[in-house]
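Take a look at the letters that make up each chain.
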Amino acid sequence: MFRLFHRHRQRPTLEEVEMRRAARADGLKSLLPVMGIILLVILFFLLTLIVFRPLRDLRRLEQDKAAMQGKLEDAKSDHEKARNEFRWMADPEYFENVARDRANLAKPGETILRQPEALPQKR
């Protein structure tokens, strides 16, 4: 019914083979700059992952360390205030003075003088 025709291809000549090889080589040469750019982009991302991310993490950790040192200094000062207050509270004379001041009491013969509190000024 249908006839199939087979084309017999002639064998390529040596010139044709050389031309094809030259064309392939030219194609590869034109790909080299593109492959170089792709390689540079990949190297940039690897460099970012390997070098810059740890540097950013280190900077963040140093900031955290500075914040924690500030908190530690605040806690030390609060501790020192509490320690001093405890020492003062253990002193009977200080305890008596604080109690008399808060209760507005005086020893016999003492006169209590109070300064009036400043009223807020109106603008």
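Note that this is a predicted model, so its numbers are computed, not measured.

**Student:** Just checking my understanding: could you explain the overall build of the chain for this structure?
**Tutor:** In terms of helices and strands, the chain carries two helices and zero strands. A compact globule built from 123 residues would reach a C-alpha radius of gyration of about 14 Å, whereas the chain, at 45 Å, exceeds it by more than 25%. For the C-alpha atoms alone, the extent of the chain along its principal axes is close to 135 × 40 × 40 Å. With an accessible surface of roughly 13100 Å², the chain has 61% of that area assigned to carbon and sulfur atoms. The centroid of the 24 positive side-chain charges in the chain is displaced by 16 Å from the centroid of its 18 negative side-chain charges.

**Student:** Before we go on, may I ask you to explain the pattern of salt bridges in this structure?
**Tutor:** Oppositely charged side chains are able to pair whenever their charged atoms sit close together. One pass over the full model with this rule turns up three salt bridges. Here Asp-57 and Arg-56 are joined by a salt bridge, their closest N and O atoms 3.9 Å apart. On the basis of relative accessibility, which here comes to 26%, the residue Asp-57 falls in the partly exposed class. When salt bridges that share partners are traced, they join Arg-56, Asp-57 and Arg-60 into one network.

**Student:** Looking at this structure, how should I read helix α1 (residues 14–90)?
**Tutor:** Helical periodicity: at 3.6 residues per turn, an α-helix aligns residues three or four positions apart in one direction. Taking 1.5 Å of rise per residue, the 77 residues of α1 would be expected to cover 114 Å, and the 111 Å separating its terminal C-alpha atoms lies within 8% of that figure. The sharpest bend along α1 comes to roughly 35 degrees, located at Thr-48.

**Student:** What am I meant to see in the packing of α1 against helix α2 (residues 92–103) here?
**Tutor:** In a pair of packed helices, the angle between the axes and the distance between the axes together describe the arrangement. Running from N to C, α1 and α2 cross one another at 90 degrees; their axes reach a closest spacing of 5 Å. One finds that α1 runs roughly perpendicular with respect to α2. On the side of α1, the interface is formed by Trp-88, Met-89 and Ala-90, while α2 contributes Pro-92, Tyr-94 and Phe-95. Residue classes in the contact of α1 with α2 are distributed as six nonpolar, no polar and no charged.

Here is what the cut-offs are and how they apply
- Residues numbered from 1 in each chain as written.
- Predicted model: local features only at pLDDT ≥ 70, side-chain atom pairs only at ≥ 80, totals over all residues.
- Heavy atoms only, no water.
- Helix = DSSP H or I, 4+ residues; strand = E, 2+ residues; numbered from the N terminus.
- Rg over C-alpha atoms; globule rule 2.2 N^0.38 Å.
- Areas by Shrake-Rupley, 256 points an atom, 1.4 Å probe, with all protein chains shown as cover.
- Lys, Arg positive; Asp, Glu negative; His and termini not counted.
- Charge placed at Lys NZ, Arg CZ, Asp CG, Glu CD.
- Salt bridge = Lys/Arg side-chain N within 4 Å of Asp/Glu carboxyl O.
- Buried < 20%, exposed > 50% of the residue type's maximum accessible area, 1.4 Å probe, protein only.
- Expected span 1.5 Å × (residues − 1).
- Bend = angle between axes of the 7 residues up to and from the residue.
- Axes fitted to C-alpha atoms, helices over the stretch in contact; angles between N-to-C directions.
- Parallel < 35°, antiparallel > 145°, perpendicular 65-115°, else oblique.
- Contact = heavy atoms within 4.5 Å.
- Nonpolar A, V, L, I, M, F, W, Y, C, P; charged D, E, K, R; others polar.

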